[in-house]
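# Structure at a glance
One-letter residues, chain by chain:
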Amino acid sequence: LAGGIILGVALWLRHDSQTTNILYLQLGDKQAPNTFYVGIYILIAVGAVMMFVGFLGCYGAIQESQCLLGTFFTCLVILFACEVAAGIWGFVNKDQIAKDVKQFYDQAFQQALMAESDMNNGKAVVKTFHETLDCCGPDNAVGVITPLWRDDLCPKKEFSLKNIIESSNCHKKIDELFSGKLYLIGIAAIVVAVIMIFEMILSMVLCCGIRNSSIY
């Protein structure tokens, strides 16, 4: 059950419309950075393997098999180590993921401003960012005047001083997007880790109980 929950959360994060719209973009020959998906793929793998290992543990408990319960415990230890490694990776790279996406956006934004023709797809990339995140411009002076200067790049809104002032820059929106997703991944990883610790303890208790009962 825990494996199914983790697999479901991971698949939802993998196919979330906001992240897929952004991370599938391509600027010329350059693909948008998709380091974010590394952690997602690890969660998917852990969830799928946990489902299989869970069935193995249930069958071992029903059959009172020390061998199956020992295998179940070993698999849990390996999965736990993989999850800890993924958690360390996510903590180390949590700021780098958003930074790489912001750099990709800035490059597309510069191309969109400088392009006099449709020779590159910078404008299309920038418009996808703006429409997906409901933002306009980077976190600098150019971003502040973008709704006035290049309104064709920004989401269509009623022109008013209030909308211009309240318009969010895309750097902030990118930070919010990936920090929120990584926060969900972190919660899912902690929940899985706690469940796995209890499962390891329970499997060892059952294994020792079966061994002691066989002696008597």
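In this text, all values refer to a predicted model and were calculated from it rather than measured experimentally. Every chain begins its residue count from 1, and numbering advances along the sequence as written. The model is predicted, so local features are restricted to residues of pLDDT at least 70 and side-chain atom pairs to those at 80 or more, both for listing and for counting; the totals for chains, interfaces and linings are taken over all residues. Side-chain measures here rest on the full set of heavy atoms in the structure, leaving out hydrogens and waters.

This part covers a nonpolar patch on the surface. Patches in this entry comprise residues that are over 30% relatively accessible and not in a salt bridge; like charges within 9 Å are linked, as are nonpolar side chains (Val, Leu, Ile, Met, Phe, Trp, Tyr) within 5 Å. In short, Shrake-Rupley with a 1.4 Å probe defines the accessible areas, and a residue's cover is counted only from the protein chains shown. By definition here, a salt bridge exists when the distance from a side-chain nitrogen of Lys or Arg to a carboxyl oxygen of Asp or Glu is within 4 Å. Residues Trp12, Tyr183, Leu184, Ile187 and Val191 make up a contiguous nonpolar surface patch of roughly 500 Å² in combined accessible area. With 4 residues, the top contributor of residues to the nonpolar patch is helix H8 (residues 170-215). Secondary structure elements are defined from DSSP: runs of H or I of at least 4 residues count as helices, runs of E of at least 2 residues count as strands, and each element is numbered from the N terminus. Structurally, the position occupied by Leu184 is in helix H8. Exposure categories follow from relative accessible area, calculated using a 1.4 Å probe and restricted to protein chains: below 20% of the type maximum is buried, above 50% is exposed, and the middle band is partly exposed. Overall, Leu184 belongs to the partly exposed group, its relative accessible area being 34%.

Attention now moves to the packing of helix H3 (residues 36-63) against helix H4 (residues 66-114). Think of each axis as a best-fit line through the C-alpha atoms, taken over the contacting stretch in the case of a helix, with angles from 0 to 180 degrees between the N-to-C directions. Taken N-terminus to C-terminus, the directions of H3 and H4 make an angle of 165°; their axes are 10 Å apart at the nearest point. It follows from the interaxial angle that H3 and H4 lie roughly antiparallel. As for the relative orientation of H3 and H4, their crossing is left-handed in sense. By the convention adopted, Pro, Cys, Tyr, Trp, Phe, Met, Ile, Leu, Val and Ala count as nonpolar, Lys, Arg, Asp and Glu as charged, and the other residues, Gly among them, as polar. Here the contact of H3 with H4 is composed, by residue class, of 19 nonpolar, 5 polar and no charged. Any angle that is under 35 degrees is reported as roughly parallel, and any over 145 degrees as roughly antiparallel; angles of 65 to 115 degrees are reported as roughly perpendicular and all others as oblique. Crossing handedness is defined as follows: a turn of the near helix away from the far one that is anticlockwise and smaller than a right angle gives a left-handed crossing, while the clockwise case is right-handed.

Let us look at the environment of Phe36. Summarising the element assignment, Phe36 is placed in helix H3. Residues Phe36 and Ala98, 62 residues apart in the sequence, show an inter-C-alpha distance of 8.9 Å. Here a residue-residue contact requires only that any non-hydrogen atoms of the pair lie within 4.5 Å. Leaving out residues up to four positions away in the same chain, Phe36 has contacts with Thr19, Leu23, Ile97, Phe178, Lys181, Leu182 and Ile185.

So, on to the confidence of the model for the protein. Each residue gets a pLDDT score, which is the predictor's confidence in that residue and runs from 0 to 100. A residue-level look at the protein finds 81% of positions with pLDDT of 70 or above and a mean pLDDT of 75. Ranking the elements of the protein by mean pLDDT puts helix H7 (residues 161-166) last, at 51, and helix H5 (residues 122-133) first, at 83.

Right, let's get into the state of the cysteines. Sulfur atoms of two cysteines make up a disulfide when they are within 2.5 Å. Scanning all chains against the criterion turns up 1 disulfide. Residue pairing for Cys135: its cysteine sulfur links by disulfide to Cys170, the two sulfurs lying 2.0 Å apart. Note on the Cys135 and Cys170 pair: the S-S dihedral is about 95°, so by sign convention the disulfide is right-handed. Of this pair, Cys135 sits in the loop between H5 and helix H6 (141-149) while Cys170 sits in helix H8, and the two are 35 residues apart along the sequence. Among the residues examined, Cys135 registers a relative accessible area of 1% and is labelled buried.

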